[in-house]
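Examining the three-dimensional arrangement
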Amino acid sequence: MTHHLHTRLLHTGSAPFDPETRTAAVSLPAMRTSTVRFADLAALDAAQERKAAGERAVTYGRSGLDTHRALEDVFSQLEGGARTILAPSGLAAITLVFLGLLKAGEHALVADCVYGPVRHLDHALLRGLGIEITYFDPAGANLAELVRPQTRMVYAESPGSLLMQMLDLPALAAQARALGLPLVVDNTWGSGYIYRPLALGADVSVVAGTKYVGGHSDLMLGAVVARDAELGQRLAAMQYALGYSVSADDAWLALRGSRTLPVRMAEHARSALLVCEFLAQRPEVVRIFHPAWPQDPGHALWRRDCTGSNGMMAVELALDTEAGRRFVDALQLFAIGFSWGGYESLVQWVDPAALRPHAYAPAPGNTIVRLHVGLEAVADLTADIEQALQACRAAG
Ligand SMILES: *Cc1c(COP(=O)(O)O)cnc(C)c1O
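From a predicted model like this one, the values you see are computed outputs, not experimental measurements. (Residues numbered from 1 in each chain as written. Predicted model: local features only at pLDDT ≥ 70, side-chain atom pairs only at ≥ 80, totals over all residues. Heavy atoms only, no water.)

**Observations regarding the nonpolar core**
Soluble globular proteins tend to pack their nonpolar side chains together in the buried interior. Of all hydrophobic cores here, the largest spans 84 residues; its most connected members are F75, L78, F98, M153, Y155, L183 and W189. Element by element, the count of residues in this core is highest for helix α4 (residues 90-101), at eight residues. In this view, L78 contacts L5, L9, S191, G192, Y193, R196, V213 and L261; residues no more than four positions away in its chain are not counted. Counting 28 residues, the second-largest nonpolar core is a separate cluster that includes V275, F278, L279 and V315. (Core = buried A, V, L, I, M, F, W, Y, C linked by side-chain atoms within 4.5 Å. Buried < 20%, exposed > 50% of the residue type's maximum accessible area, 1.4 Å probe, protein only. Helix = DSSP H or I, 4+ residues; strand = E, 2+ residues; numbered from the N terminus. Contact = heavy atoms within 4.5 Å.)

So, in structure tokens, the structure goes:
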């Protein structure tokens, strides 16, 4: 019998029973060790052989022990993949995929709505290695026109960073498949629970566990989940080459966070919709970017492809830069800060320069803020937005 994902999340990665005491810890402990002891050389040889065959076998602490294995299993359940590789941050996971699937002289097609630091990775590292990137508008993309003989990967993010642009992932996957290219998707927004790119046709899903999986703004972690074992093995080889290692304590925190992911996500989503309803009544609000909001242009795709939503939204306000900055400064419960997915509400004033490369961005002039709606009482959050709008108007 296959249980719901929600149920499996609570039962994956439990500690096995101790054969002597016949008991097991409910919460698997963080196994902090840099190395392991082998009973004899035959045990070492057996572990090496299993590893060479692509199986998980512990020979040294760098690639993780039981706590890491349990977390990998959780990510594989979430994303529906054959193999998960952990990384010390979400960006490290993205870097792992680019270096694992591309080499000098090769080329990748990248959606223009991807997480901003991907462009930094491009400038700071990939170009120097002779890896080229073409950015494309994912809404109107004809990949066949952009592909080169050296193209080896299509990389996207859905919904896209900053403006939550929903992509037609099955259509993009069909194009990539027709060209024989793997499709990699940053699924930090969905974190495997409300959106599952591998089931929609992608080959690799990348998640910043720092966000909703961790859920408490207290760890940095990334995961790369491959749909099939062969691609997973290629990426695992790159993880080994890069020497990536994740602290057992961070893996433990992420594992703990994963147990409550479904209830937290649902509450963030419920509050976010209430915040949308409040914002829609305000004369300063020009547009709300939140796929679960019925007026969002991506709403039909969201209904088709997602099983839930979260606390992320962007809002276009009819405020010039100065008034927009006053608004952000006047917020008290929404803390000014990057990142999201923790329990707390956050606001980010979006630099118009960061939106310039996105075909989806509205015309410049108005203020765009990105909100992460946290787990505070929603009436307090809407009251905070209300007082900040009033304060910024009074000051103007
Ligand atoms: C935050 C984020 C990342 C990077 O994660 P870190 O753990 O901060 O490195 C990657 N992709 C998206 C969409 C993100 O929001």
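Resuming the write-up.
**Overview of helix α5 (residues 117-126)**
Within the span of α5, buried status applies to V118, R119, L121, D122 and L126. Seen along its axis, α5 keeps its buried residues to an arc of 155 degrees; they face one direction. Away from its buried face, by an angle of more than 90 degrees, α5 presents the exposed residues H120 and A124. (Arc of directions from axis to C-beta.)

**Looking at the pattern of salt bridges**
Two side chains of opposite charge can pair, provided their charged atoms sit close to one another. Inspection of the entire model under this criterion finds 16 salt bridges. One salt bridge in this structure joins E55 and R50, with 3.3 Å as the shortest N-O distance. The exposure class assigned to E55 is partly exposed, which follows from its relative accessible area of 42%. The closest approach of N and O atoms between D305 and R304, which form a salt bridge, is 2.9 Å. On the basis of relative accessibility, which here comes to 47%, the residue R304 falls in the partly exposed class. Through salt bridges with shared partners, a single ionic network connects R56, R69, E72 and D73. (Salt bridge = Lys/Arg side-chain N within 4 Å of Asp/Glu carboxyl O.)

**Observations concerning the site of the ligand**
Near the ligand you find 14 residues, and of these G90, L91, D186, T210 and K211 are the closest. The separation between an oxygen atom of the ligand and a polar side-chain atom of T210 is 2.5 Å. Contact with the protein chains removes 91% of the 380 Å² of surface that the ligand exposes when unbound. With three residues, the single largest contributor to the shell around the ligand is α4. Its residues assigned to classes, the shell around the ligand shows six nonpolar, five polar and three charged. (Near = heavy atom within 4 Å. Polar contact = N/O pair within 3.5 Å; in protein donor to acceptor, adjacent residues only side chain to side chain. Areas by Shrake-Rupley, 256 points an atom, 1.4 Å probe, with all protein chains shown as cover. Nonpolar A, V, L, I, M, F, W, Y, C, P; charged D, E, K, R; others polar.)

**Things to note about the packing of helix α9 (residues 248-259) against helix α10 (residues 261-280)**
The interhelical angle for the contact between α9 and α10, taken along N-to-C directions, is 65 degrees, at an axis separation of 5 Å. Contact with α9, carried on its side by G257, S258 and R259, involves L261, P262 and R264 of α10 and no other residues of that element. Along the lines of polarity and charge, the residues of the contact of α9 with α10 split into two nonpolar, two polar and two charged. (Axes fitted to C-alpha atoms, helices over the stretch in contact; angles between N-to-C directions.)

**What to know about the side chain of K211**
Summarising the element assignment, K211 is placed in the loop between β6 (204-208) and β7 (222-226). Although K211 is buried, it makes no salt bridge; D186 carries the closest opposite charge, 7.4 Å away. Setting aside residues up to four positions removed in sequence, K211 forms contacts with T188, S339, W340, G341 and G342. (Lys, Arg positive; Asp, Glu negative; His and termini not counted.)

**Considerations on the pairing of strand β3 (residues 132-136)**
Bridge count between strand β2 (residues 107-111) and β3: five bridges; the pairing is parallel. Note that in β3 the partner of L109 across the bridge is T134. For the crossover from β2 across α5 to β3, the handedness is right-handed. (Pairing = 2+ DSSP bridges. Right-handed = clockwise from strand over helix to strand, strands pointing away.)

**Details of the pairing of β2**
The element β2 is extensively covered by neighbouring structure, given that five of its five residues are classed as buried. Burial along β2 is two-sided: H107, L109 and A111 and A108 and V110, pointing in opposite directions, are all buried. Bridge count between β2 and strand β4 (residues 151-157): four bridges; the pairing is parallel. By the bridge assignment for β4, A108 is matched with M153.

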